[in-house]
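Summary of the model geometry
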Amino acid sequence: MTRLWGLLVVLGLALGACAPEPPPLGPDGRPLPKLYRIKPRDEGRVMFAMLDGVNTLRSARGAPALTLNPMLNAAAETHSRDMAVQNRPWHFGSDGSSPILRVQRTGYPGQMLGENIRETYETEIETLSAWMSVSDTRAVILDPAARDMGFAWFQEPGGKIWWTLLTGG
C-alpha cells in the first residue's frame with residue numbers, strides 16, 4: 001500500500017510539473033495582456049483584417065464597401081511613423097501638415113474625408129472596436145460618401161503601435 005501511495009505522489013508531482021504556468025497578473029488581479037507583435041509576414045493579414053472589419057460594419061449600415069488605396073495607405077504610413085517620432089497621437093504632422101495636405105502630397109485624386117488615429121498595444125480588431133465606440137471616429141468609418149480606405153501602422157521596438165486609418169471619396 002505504501003508503494004502505491006508513493007507511486008501516486010510521484011505521478012501527481014510529474015503531472016503537476018506539466019501544467020501550464022498561469023499568466024502574470026496585473027495590479028487589478030487580471031491577467032496582463034500578451035504583447036501583440038506584428039511580424040512582416042503578418043502585414044497582409046492585418047491590413048485585410050481591418051478592411052474586412054470596416055466593410056462588415058459598413059455593410060450592416062447600408063454603406064458601400066471600401067477598397068484599399070495605395071496613395072491613402074502611403075499617407076497613413078507616413079503619419080503613423082511621424083506620430084511615433086513626435087510620441088503623441090494627433091492629427092498634425094511634425095512639419096505642421098494636416099491630414100488633407102498629407103493626402104494631397106501622395107497624389108490621391110479624390111477628397112480626403114476622415115482620419116482616425118490611435119496609440120496602443122492592441123490588435124487591429126481591438127483598435128477598430130475602440131474607434132467604433134466613439135461617435136467621431138465611428139462617423140469616419142461609416143461615412144456613406146467614402147469609397148477608398150488607407151490604413152497603416154508603425155510598431156515601436158517596445159511594442160507600442162501607432163495606427164492611422166484614412167477615408168476618401
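1. Overview of the packing of aromatic side chains
One pass over the structure, following the stated rule, counts four aromatic pairs. Between the aromatic rings of Trp90 and Phe92, the centroid separation amounts to 5.6 Å while the plane-to-plane angle is 65 degrees, which identifies the pairing as edge-to-face. Aromatic pair Phe151 and Trp163: ring centres 5.5 Å apart, planes at 10 degrees, arrangement stacked. Of this pair, Phe151 sits in strand E3 (residues 148-155) while Trp163 sits in strand E4 (residues 161-168), and the two are 12 residues apart along the sequence. For Phe151, a relative accessible area of 1% translates into the label buried.

2. Some details on the sheet that holds strand E2 (residues 112-120)
Spatially, the four strands line up as an open sheet ordered E1-E3-E4-E2, and their pairing is mixed. Edge positions in the open sheet fall to strand E1 (67-68) and E2, since each of these has one partner strand only. By the bridge criterion, eight bridges tie E2 to E4 in an arrangement that is antiparallel. Looking across to E4, one finds that Thr120 is bridged to Ile161. Sitting on the sheet, helix H3 (residues 70-86) touches E1, E2, E3 and E4, and the angle it makes with E3 is about 30 degrees.

3. Re the pairing of E4
With eight of eight residues buried, E4 is to be regarded as a mostly interior element. Of the two faces of E4, the one holding Ile161, Trp163, Leu165 and Thr167 and the one holding Trp162, Thr164, Leu166 and Gly168 are both buried throughout. Sheet topology note: the E3/E4 ladder contains eight bridges and is antiparallel. When the bridges of E4 are listed, Gln155 appears paired with Ile161. Here E3 folds back onto E4, and the loop between the two strands holds five residues, one of which, Gly159, carries a positive phi near 110 degrees.

Rules behind the numbers
Residues numbered from 1 in each chain as written. Predicted model: local features only at pLDDT ≥ 70, side-chain atom pairs only at ≥ 80, totals over all residues. Heavy atoms only, no water. Phe/Tyr/Trp six-rings, centres within 6.5 Å; stacked < 30°, edge-to-face > 60°. Helix = DSSP H or I, 4+ residues; strand = E, 2+ residues; numbered from the N terminus. Buried < 20%, exposed > 50% of the residue type's maximum accessible area, 1.4 Å probe, protein only. Pairing = 2+ DSSP bridges. Contact = heavy atoms within 4.5 Å. Axes fitted to C-alpha atoms, helices over the stretch in contact; angles between N-to-C directions.

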